[in-house]
Amino acid sequence: MRSVRLSRAAADYLRGESTDLRERSPAAARALSETMKRARALPQQFPEAGNTHHGLQVAGFRTLVAGEYLIDYRLTESAIEIANIRHGRMQIPMPELDDPDARDLGSYQVSMIGTHRIGSTALSG
């Protein structure tokens, strides 16, 4: 089974969203945690579950709908790399067009990937 790795941006978003929800509604924070657990497991069982017609629209990436959230990920031989997580009402993040690294979107996305620990679950690479 492939491991799941989060980019720094995805991990930061989850931490911030969890903190905000915990302050306003512990039940909503628990629901987010459960949604993300299910969402993390789905591409491990069904790697091509996400669609390629929405989301980042970068070659090789898929977008998985998880409750009110969208998860942009790609598959490698050994891992599922989650590049971005956002609320469904948020705009799709794209690099600045003036950014010289943005000319090659594939390498831009690859540079975002890292390994992070969320809560008590290690997301390894």
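Residues numbered from 1 in each chain as written. Predicted model: local features only at pLDDT ≥ 70, side-chain atom pairs only at ≥ 80, totals over all residues. Heavy atoms only, no water.

Undergrad: Whenever I open this one, the overall build of the protein chain confuses me. Can you help?
TA: Counting secondary structure elements, the protein chain contains three helices and six strands. Of the regular secondary structure in the protein chain, the N- to C-terminal order runs β-α-α-β-β-β-α-β-β. Looking at the protein chain alone, contacts between residues at least 24 apart form 55% of all its contacts between residues at least 6 apart. Carbon and sulfur atoms form 50% of the exposed surface of the protein chain, whose accessible area is close to 7600 Å². (Helix = DSSP H or I, 4+ residues; strand = E, 2+ residues; numbered from the N terminus. Contact = heavy atoms within 4.5 Å. Areas by Shrake-Rupley, 256 points an atom, 1.4 Å probe, with all protein chains shown as cover.)

Undergrad: Help me out: how do you make sense of helix H2 (residues 26–45) in this one?
TA: In an α-helix, one turn spans 3.6 residues, which is why side chains three or four residues apart end up on the same side. End to end, H2 covers 29 Å across 20 residues, agreeing with the expected 28 Å (1.5 Å per residue, within 8%). Turning to H2, its buried residues are Ala29, Leu32, Thr35, Met36, Ala39, Arg40 and Pro43. When H2 is viewed along its axis, its buried side chains cluster within an angular range of 130° and face the same direction. Across from the buried face of H2, at angles greater than 90 degrees, the exposed residues are Arg30, Arg38 and Gln45. (Expected span 1.5 Å × (residues − 1). Buried < 20%, exposed > 50% of the residue type's maximum accessible area, 1.4 Å probe, protein only. Arc of directions from axis to C-beta.)

Undergrad: Help me understand the confidence of the model for the protein chain in this model?
TA: Segments scoring low in pLDDT should not have their predicted coordinates read at a detailed level. Residues of the protein chain with pLDDT of at least 70 account for 70%, and the chain-wide mean is 76. Scored below 50 in pLDDT, residues 97–125 makes 51 contacts in the model with residues more than four places away or belonging to other chains. (pLDDT = per-residue confidence, 0-100.)

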